[in-house]
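Coordinate inspection notes
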Amino acid sequence: SMIHEGFGGTELLIFVLLIRSTCYFYFKNYMDYLSRLYEREIKDFFEVAKIKMTGTTKESKKFATLPRKESAVKQETESLHGSSGKLTGSTSSLNKLSVQSSGNRRSQSSSLLDMGNMSASDLDVADRTKFDKIFEQVLSELEPLCLAEQDFISKFFKLQQHQSMPGTMTEAEDLDGGIFSRQHNAGVPPPVSSEKDMIRQMMIKIFRCIEPELNNLIALGDKIDSFNSLYMLVKMSHHVWTAQNVDPASFLSTTLGNVLVTVKRNFDKCISNQIRQMEEVKISKKSKVGILPFVAEFEEFAGLAESIFKNAERRGDLDKAYTKLIRGVFVNVEKVANESQKTPRDVVMMENFHHIFATLSRLKISCLEAEKKEAKQKYTDHLQSYVIYSLGQPLEKLNHFFEGVEARVAQGIREEEVSYQLAFNKQELRKVIKEYPGKEVKKGLDNLYKKVDKHLCEEENLLQVVWHSMQDEFIRQYKHFEGLIARCYPGSGVTMEFTIQDILDYCSSIAQSH
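Residues numbered from 1 in each chain as written. Predicted model: local features only at pLDDT ≥ 70, side-chain atom pairs only at ≥ 80, totals over all residues. Heavy atoms only, no water.

Considering the overall build of the protein chain
Helix and strand counts for the protein chain come out as 18 helices and four strands. Long-range contacts, defined here as pairs at least 24 residues apart, represent 75% of the contacts in the protein chain between residues at least 6 apart. Only carbon and sulfur atoms are counted for the fraction: they give 51% of the accessible area of the protein chain, which is about 25800 Å². (Helix = DSSP H or I, 4+ residues; strand = E, 2+ residues; numbered from the N terminus. Contact = heavy atoms within 4.5 Å. Areas by Shrake-Rupley, 256 points an atom, 1.4 Å probe, with all protein chains shown as cover.)

Shown next, in the form of structure tokens:
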């Protein structure tokens, strides 16, 4: 048209190159300015985030905000855009972040997590909750910042494509160490993949400090409390998932994805450290064992994890961790029980597996359903074993006598003929029974109660459960003795010197007196 008529071929090419050089000159200045500005402001921002996390916040220290006044670069780029209204402004001033998504414009505050304005009471919460809150807000502020900047760059790039004139040329504009080195037909947009790669490279230059700063923040969180890796895994996974849904190849997706690898590694390390600590646990030889530290820590971990991973995208990672942890818990409870000197093995197994069963029942962790049943079985088996072993002591001679009677029957002697055996005649039976009048039985049960009380720990509160089981087992044995007397000494008139009702009264009285 007019331009074609006013210029020859060479002049036209020089004119186009001048226009394009001017565009890239402004754009290079834009990137250089933004990279310096963002690096300073983002580093300040992360520094204050770290201070908030460690609880050493000074009243005057607030989360950094980017410049409040309109930048020179914005004014320059706006003069380039003219009055067409196609571009609404640079993100070099983050008073407002404008993010174009599906035709809807969303504006939000420029402040990068202005938590300095929060009252002390707002932050006076559990350390882990505080960490989670800060970490989430850091990600929530960085996300729109990156999206808005990428949106601007994308629009600018499309604008300069639109301003290109027909003609074939080779370009090698070294805007950032060779970022823009390509060959294409002027006026024809480059392939989409090439355009996206160029935009991503621009974003890397502008926001080169974000990934190392995020990694430093994650390292600090892990150092403060290794369980913080649970929060970080869930939050980072969600933000990666959100970013990838928008654009899997974007700078934001790539950066958060890289950081997620570090977070997952820290999470795996947290699990491995817990298992190692189980294996290294040492118990006192002078005091009762009680609930082992790693059993209590598993309860804490599982309770925290269930609250954090509720409806999370990375539930599979947690389930795998649970499987490793619970196996470590089971193996090492048994190891400690076998090594225990002060507390009987059955008590260590009974108390700790009862605690595990109660934890799994309360939390309802579906992937550990089999382990919950196994824990219950181990608890029940060792409770029964402990009760039977302990009850052999209060009526020791009576137990031995009837064990002898049963041994003779097992050898083939008829039950009604056992009384003709010298060592097991009626006189010997009466002699043994007389050693256990009601008064002695109660005394023996009282001593047994005191011994059980010394074995068991208060925190698990199983004393009354065990005592009731002992009462039931004692009554079962009593009935068994009565049955042997009736079958092996029929018509002898020999009976025990205390009744079932006496046993119930003794057990109740003893439990109430302690």
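On we go.
Some words on the nonpolar core
The biggest cluster of nonpolar side chains holds 128 residues, and the ones touching the most others in it are F207, F309, I356 and V466. Excluding residues within four positions of it along the chain, F309 makes contact with L230, L233, V234, F267, R314, R315 and L318. (Core = buried A, V, L, I, M, F, W, Y, C linked by side-chain atoms within 4.5 Å. Buried < 20%, exposed > 50% of the residue type's maximum accessible area, 1.4 Å probe, protein only.)

Things to note about the environment of P490
By the element assignment, P490 lies in the loop between α17 (463-488) and α18 (500-513). Taking relative accessible area as the criterion, P490 reaches 46% and is therefore assigned partly exposed. Along the backbone, P490 and E415 are 75 residues apart, and their C-alpha atoms lie at a distance of 9.6 Å.

Side note on helix α13 (residues 369-391)
Since the α-helix packs 3.6 residues into each turn, any two residues three or four apart lie on the same face. With 23 residues, α13 should reach 33 Å at 1.5 Å per residue; the first-to-last C-alpha distance of 33 Å fits that figure. Of the residues making up α13, those classed as buried are E371, A375, Y379, H382, L383, Y386, V387, S390 and L391. Buried-residue contacts for α13 involve α11 (315-339), α12 (345-363), α14 (396-410), α16 (438-455) and α17. (Expected span 1.5 Å × (residues − 1).)

Topic: the side chain of H239
Residue position: H239 is located in helix α8 (residues 228-246). Residue H239 is classed as buried on the basis of its relative accessible area, which comes to 5%. For H239, the contacting residues outside a window of four places in its chain are E136, L139, S140, E143 and L256.

With respect to the confidence of the model for the protein chain
Across the protein chain, the average pLDDT comes to 77, with 73% of residues at or above 70. Here strand β1 (residues 96-101) is the element of the protein chain with the lowest mean pLDDT, 31, and α12 is the one with the highest, 96. Scored below 50 in pLDDT, residues 1-8 shows five contacts in the model against residues more than four places distant or in partner chains. Low confidence marks residues 162-190, where pLDDT is under 50. Its contacts with residues over four positions away, or in another chain, come to 48 contacts. (pLDDT = per-residue confidence, 0-100.)

Details of the pattern of salt bridges
Taken as a whole and judged by the stated rule, the model has 24 salt bridges. One salt bridge in this structure joins K43 and E39, with 3.2 Å as the shortest N-O distance. Taken together, the positions of K43 and E39, both in helix α2 (residues 9-54) and four residues apart, correspond to about one turn of that helix. Measuring nitrogen to oxygen at the nearest pair gives 3.5 Å for the salt bridge that ties K431 to E428. Highlighted residues: K431 and E428, both in helix α15 (residues 426-434), separated by three residues, approximately one helical turn. Of the residues examined, K431 reaches a relative accessible area of 48% and is grouped as partly exposed. For E428, a relative accessible area of 27% puts it in the partly exposed group. If you follow the salt bridges from partner to partner, you end up with E39, K43 and R208 in one network. (Salt bridge = Lys/Arg side-chain N within 4 Å of Asp/Glu carboxyl O.)

Digging into the packing of α11 against α13
Contact pair α11 / α13: the axes reach a minimum separation of 11 Å and the direction vectors enclose 15 degrees. The angle between the axes of α11 and α13 places the two elements in the roughly parallel class. For the element pair α11 and α13, the recorded crossing hand is left-handed. Taken together, the residues of α13 that come into contact with α11 (itself represented by I326, R327, F330 and E334) are E371, E374, A375 and K378. Tallied by class, the residues present in the contact of α11 with α13 amount to three nonpolar, no polar and five charged. (Axes fitted to C-alpha atoms, helices over the stretch in contact; angles between N-to-C directions. Parallel < 35°, antiparallel > 145°, perpendicular 65-115°, else oblique. Left-handed = near helix turned anticlockwise from the far one by under 90°. Nonpolar A, V, L, I, M, F, W, Y, C, P; charged D, E, K, R; others polar.)

As for the packing of helix α9 (residues 251-280) against α11
Across the interface, α9 lies against α11 with an axial gap of 9 Å and an inter-helix angle of 10 degrees. As far as their axial angle goes, α11 and α9 are roughly parallel. Residues K264, F267, I271, Q274, I275, M278 and E279 of α9 pack against D317, L318, A321, K324, L325, G328, V329, N332 and K335 of α11. Here the contact of α9 with α11 is composed, by residue class, of eight nonpolar, three polar and five charged.

Here we look at the packing of aromatic side chains
Applying the stated rule across the entire model yields 15 aromatic pairs. Between F402 and F481 the ring centres are 4.7 Å apart and the planes differ by 15 degrees, which places this aromatic pair in the stacked class. Placement of F402 in helix α14 and of F481 in helix α17 is noted, with a sequence separation of 79 residues between them. Judged by relative accessible area, F402 falls into the buried class, the value being 2%. The exposure class of F481 is buried, given its relative accessible area of 4%. Taken together through their ring pairs, the aromatic side chains of F227, F298, F301 and Y322 make up a single cluster. Over the ring of F353 we find K378; its NZ or CZ atom is 5.5 Å from the centre of that ring. (Phe/Tyr/Trp six-rings, centres within 6.5 Å; stacked < 30°, edge-to-face > 60°. Lys NZ or Arg CZ within 6 Å of the ring centre and 35° of its normal.)

Overview of the environment of A249
Inspection of the secondary structure assignment puts A249 in the loop between α8 and α9. For A249, the contacting residues outside a window of four places in its chain are R200 and T254.

Here we look at unusual backbone geometry
Glycine aside, residues mostly have negative phi angles, and peptide bonds mostly take the trans form. Unlike most non-glycine residues, N311 shows phi in positive territory, near 65 degrees. Under the relative-accessibility criterion, N311 is labelled exposed at 74%. At K364, a position not held by glycine, the phi torsion is positive, near 55 degrees. By the element assignment, K364 lies in the loop between α12 and α13. Residue K364 is classed as exposed on the basis of its relative accessible area of 65%.

Quick notes on the side chain of Q274
For Q274, the location among the structural elements is in helix α9. Other than its neighbours up to four places away in sequence, Q274 contacts F227, F301 and L325.

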